[in-house]
Amino acid sequence: MKTIFAETIVRSPLLSGVPGLRHGFTTRKLGSMAGQIHSRDEQATNRAALEAAIELRLIKASQVHSADVVLVERGIATRLRDGASEPVSSAMRLEGDALITRERGIGLAVAVADCAPILLVTPDGWIAAAHAGWEGTTKRIVGAVRDAIAARGGRIVDARAVIGPAIGGCCYRIDAARAALIRERLGDTASLVGPVDGRFDFAIADELAAQLRAAGVPRIDVLDRCTRDEVGTFFSHRGEDGKAGRGLAFIGWSQA
Ligand SMILES: [Zn+2]
């Protein structure tokens with residue numbers, strides 16, 4: 001007999017062991033949290049329910065597949081590349097694909113539907129949330145997060161990181177032109193398999209894990225759950241013909 005169990009939030013044992021840290025990857029069960037498919041009101045309601053449940057104020061930038069890192073401090077989000085800033089909210093206009101902070105009570109969040117969410121914590125209190133599809137991966141968003149934390153004295157070499165549910169190499173088939181661009185940016189070690197009938201499989205999570213190792217992060221948990229295979233549990237851009245809602249990956253220090 002099969003047990004039917006609807007997960008609401010998926011978590012990593014590696015981060016669950018850190019005192020005072022809250023994190024997770026929301027499933028369809030909690031509804032769409034961002035994007036253009038569902039109504040703004042519905043998504044705002046879903047985010048508010050999540051904020052109440054996790055007791056964190058969610059903060060999310062406008063994601064554009066960049067490698068831009070946003071620093072959150074004293075109620076202001078500042079993009080490190082150019083100093084652009086905005087008061088924090090769960091749906092900021094400020095564009096960026098990674099967030100870092102040391103403050104308590106704040107849930108750094110990224111929205112995903114196939115793209116890979118990365119959550120990271122250092123022993124001296126820095127936390128990060130990042131979002132990477134093939135573009136952010138080839139722009140080395142992981143290295144950008146490392147640089148941003150290291151520049152502020154954070155101990156990235158003792159960090160823990162998790163790569164959450166994302167489209168797997170099993171389901172992420174790309175054409176030769178994109179594969180060539182990926183090789184151009186990442187080199188011959190890029191996690192590409194193929195060609196098969198002129199197309200390639202790109203394992204984003206494997207590539208990000210390699211980048212985390214190269215950044216000196218010693219403990220990495222790859223959840224290895226393919227969003228397209230598990231489209232009944234997670235939103236999947238490819239699994240839903242581009243009409244998917246968005247789940248949230250979040251990480252934050254509890255207030256107490
Ligand atoms: Zn798959």
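Residues numbered from 1 in each chain as written. Predicted model: local features only at pLDDT ≥ 70, side-chain atom pairs only at ≥ 80, totals over all residues. Heavy atoms only, no water.

Engineer: How would you summarise the overall build of the protein if you had to cite specific residues and measurements?
Structural biologist: Scanning the protein for helices and strands turns up six helices and 16 strands. Radius of gyration (C-alpha) of the protein: 17 Å, near the 18 Å computed for a compact globule of 256 residues. Referenced to the eigenvectors of the C-alpha coordinate spread, the extents of the protein come out at roughly 55 × 45 × 35 Å. Looking at the protein as a whole, 52% of its 256 residues are labelled buried. (Helix = DSSP H or I, 4+ residues; strand = E, 2+ residues; numbered from the N terminus. Rg over C-alpha atoms; globule rule 2.2 N^0.38 Å. Buried < 20%, exposed > 50% of the residue type's maximum accessible area, 1.4 Å probe, protein only.)

Engineer: Kindly report on the coordination of the zinc ion, identifying the contributing residues and their values.
Structural biologist: Taken together, the protein ligands of the zinc ion are Cys170 (SG), Cys171 (SG), Cys226 (SG) and Asp229 (OD), with distances of 2.2 to 2.5 Å. Geometry at the zinc ion is tetrahedral, judged from its four donor atoms and the angles of 96 to 121° they form at the metal. The exposed category is assigned to Asp229, whose relative accessible area is 53%. (Donors = N, O, S within 2.8 Å, 3.2 Å for Na, K, Ca; no water. Tetrahedral: all angles 85-135°; square planar, octahedral: opposite > 155°, others 65-115°.)

Engineer: Describe the packing of aromatic side chains, with residues and values.
Structural biologist: Overall, the coordinates contain one aromatic pair when judged by the stated rule. The interplanar angle of 35° and the centroid separation of 6.4 Å between the aromatic rings of Tyr172 and Phe202 together place this pair among those described as tilted. Taken as a pair, Tyr172 in the loop between strand S11 (160-163) and strand S12 (173-175) and Phe202 in strand S14 (residues 199-202) lie far apart in primary sequence, 30 residues in all. Residues Tyr172 and Phe202 agree in their burial class; the two are buried. (Phe/Tyr/Trp six-rings, centres within 6.5 Å; stacked < 30°, edge-to-face > 60°.)

Engineer: Now, about the side chain of Asp68: what can you tell me, with residues and values included?
Structural biologist: Structurally, Asp68 can be placed in the loop between strand S3 (57-59) and strand S4 (69-73). Each residue touching Asp68, except ones within four places of it in the same chain, is listed here: Arg79, Arg81, Gly96, Asp97 and Ala98. (Contact = heavy atoms within 4.5 Å.)

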